[in-house]
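# Close look at the chain arrangement
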Amino acid sequence: IQSNFECLPPTPELKISFNSDREYLTHEPIVFNVTISNNQVVSKLATEINFEITGRVMVVSNPNLCMTLEASSDNVVMATCQLDDSNQVFGYYSTEQEIKIGEMCLEYHTSSKNVYINECYGISNQRWYYNSETKEIKTQHDENCLDKAGTNNLKMYRCHGGNNQKFEIPSGWDMTQTTNPSFEMIRDASERSTTFLELGVKLRTNNDDLTIMANGEPLVSDQVYTLRGNDDISTTIAIVKGPGHRLKIPPVTLFLRSHCSTDSHNPIEVSSDLWNWESQDSGERFIKFTPTCPTIAWAGAMMNRQYPLTIGADDLLYTNFLLEVSIFNQGFMESTLFDRSIHNPEAVRAGEANIQDILLLYRRVGASETSSWKNGILHFNKTRSLFSDSQYVDFSMKNVEDEFGYATLFWDLQNVSDGSFEVKVISRCILSSTSTMVKGFSSDVIEIIVDRVPPKVYFSDVTLPSSAHPTSKEYFIQFTEDINCRRPFLFNILIRGLDNESDLTELKDDDGIHVICVDQSVKFRFDRETYDQQNLDMLLKSNIQVHLYGVQDLAGNFQSSNFSMPMSMNAQ
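All right, on to the sheet that holds strand β5 (residues 62–69) then. The strand order across the open sheet formed by four strands is β6-β5-β4-β15, and the pairing between neighbours is antiparallel. Of all the strands in the sheet, the pair left with one neighbour each is β6 (76–80) and β15 (167–168).

Below, the discussion takes up the pattern of salt bridges. Pairs can form between side chains of opposite charge once their charged atoms are near each other. Throughout the structure, instances matching the rule amount to 12 salt bridges. A salt bridge links Glu 278 to Arg 285, with the nearest nitrogen and oxygen atoms 3.8 Å apart. Judged by its relative accessible area of 40%, Arg 285 is partly exposed. Residues participating in the shared-partner salt-bridge network are Glu 198, Lys 202, Asp 222, Arg 257 and Glu 269.

Okay, the state of the cysteines next. Working definition of a disulfide: a covalent bond connecting the sulfur atoms of two cysteines. Applying the stated criterion across every chain yields a total of five disulfides. The side chain of Cys 105 participates in a disulfide bridge whose partner is Cys 120; the two sulfur atoms lie 2.0 Å from each other. Classification of the bridge connecting Cys 105 and Cys 120 rests on its S-S torsion, roughly 100°, and on that basis the disulfide is right-handed. In this pair, Cys 105 is assigned in strand β9 (residues 104–108) and Cys 120 in the loop between β10 (115–118) and β11 (128–131), connecting sequence segments 15 residues apart. A relative accessible area of 0% places Cys 105 in the buried class.

Taken over all residues, the pLDDT of the chain has a mean of 81, while the share at 70 or more is 80%. Contacts for the low-pLDDT stretch residues 1–9, under 50 throughout, to residues beyond four places or in other chains number 19 contacts. Low confidence marks residues 41–51, where pLDDT is under 50. Its contacts with residues over four positions away, or in another chain, come to 21 contacts.

The rules behind each value
Residues numbered from 1 in each chain as written. Predicted model: local features only at pLDDT ≥ 70, side-chain atom pairs only at ≥ 80, totals over all residues. Heavy atoms only, no water. Pairing = 2+ DSSP bridges. Helix = DSSP H or I, 4+ residues; strand = E, 2+ residues; numbered from the N terminus. Salt bridge = Lys/Arg side-chain N within 4 Å of Asp/Glu carboxyl O. Buried < 20%, exposed > 50% of the residue type's maximum accessible area, 1.4 Å probe, protein only. Disulfide = S-S within 2.5 Å. pLDDT = per-residue confidence, 0-100. Contact = heavy atoms within 4.5 Å.

Dropping the structure here:
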C-alpha cells in the first residue's frame, strides 16, 4: 500500500463565500473568501470505515457542566447538564477525528480562538484528539488546549494544566492522536505528499473588463499554491468594476487545477463561479453592483466660481426673491435623475440605490457644525409653486432635468437674512429593500452674499487746508461697507461753484481732479498742473462744493442718499 502513497492522487477543492447581506457600490470591490484545499483519498477511506459513538463532554473544574451547542447559535459553551437536552449530545467519528452534532462539526476558529459549529471540511482545526493522562483536548492544527473561560465559553488557549482545561469524554470515544493503523498509514503518506494547485480565471467568462484581484494583486496569470497533504489555504478574491455601464454582469469562473509534484498524472480541474446576487424569479446568478448616488456639479451662474456671488436688494425685487439655481447630472447619458428617484414608482426596485432627494443646503460662512446646514426652499418656477404642503421640491423630480442633463430650480431667498453663506447641492440615496442610506454626493461649496442694505457715508474729509496748497492734500469720502470700485466708475464725483459769481468751472475725474476708489472709500486730489501757484488764489476764493452720487456696494445697492458738502477751510 505504501508504494502507492509516494504521490497521492490530488482532489482539489475550491470553496467561495461572500457577504450576501450588503450591496456593493460601483466604486467598491466585491470581496470573496476563497478556500483552496486538496482532499486526497484519506477522506474516502475514512468514510468507509467510520463509526460514531455519542455522549456528553464534561469539564473537570465543574462536573455539572456539559459541552452545549447554544440554541439558535453556532457557539459552543459549557452549560448545566440536562438529560433531555439534545444540544449536549455530541458524537465522535474516530477515523476522521471529528466531534459532531448532527451533520455539523466542532471547529476551532484559528483567528478568534473561539470554538463553534460549522460545516465539515476535514481540515486540521476540525480534527480533535484527547490525551487520557492530562485529559486535554487538542486539534491537529496546533498545540493549544480546549479551555473553559470564566464566562463558560469554550476557546482554544495555551495549555497550562488547569482543571478548566481537563475534560471527561464518553467512555467509547477513541480520541487518541492516531486512531487506527489504516488511517495513520494514509495520514502519514498524505503529509509526505506535496501538491501544487494553480488558481486562475477562465478568461472567456470575463467579458466586461472586470479586474480580478487575488490578495491585493491583479490575477492576470495563474497563481500557484503549494500544499502539504490535506492542508488548505485561504485567500481573498476581489472584483473591481470595469469601465462599462452594465451593473449586472454574468458570473466570472475561477478554476483550480492540480499537479502532483512526484508523479505524472492527468491534471484534475475544478471550477467555481464568482457571483453575489441571485434572481428570485429565474434563479440566474450575477455579479451585481449598486450604482452610487449621482455625481452632480454646479451649472450656470454657479459654475466654477472663484469669487462670491453677491445678490442685492434690486436683484431680489427684480426676481421676486427667487435665485435661479442650475446643476448638471454628470451621469445623464446613463439615466436621468428622475429615472432613479423614489418620486418615480417605476424606478423603485428592491436592492437598488434610489435617489431619495437632491437638495440645496446653505449655512453662514464660519459655521463648522454639520447641523448648521439648512435646507433651501426650492420652487419649480418663479410663481413659488411647491410640490406639496409637506415636501420640499428637489432636483430629482419629474420634468426638472432637461434632455442634456441640466436641472434648474429657484431658491427662495425671501426668508434668508443678509450675510455670507456657503452653499452646496447634495444627492442622497437609499436602498429601497432595506431603507438603508448609502453614500451620497456633494457638489463643490460656493459662497453667496445676500445684501439688502445700501451703503451710507461713514466719514469724510473734504476740507481745504488752511496753510498748505490744496493740491498737497488727498480728500476722501468713506462708506460703511466695501463699494464697487471697478473701472469705469459707476459713480460720479463733481466739484462745482456754489453761485454764478464763482470763477471755478465744473471739475470731474481726469478733468481738474484725479479720483481713485479703494475698498470703502472714494478719494481725490486736485490736478497739480491745473492748480499751480498762479491759480492758488482763484481756488481759495472759489465758493465750491463736492458732489458724489451713484455709489454702489458689491451687491449693487445704491447709496442711500447723494453726498454734497462745501469745500471751505471751515467745513466740518
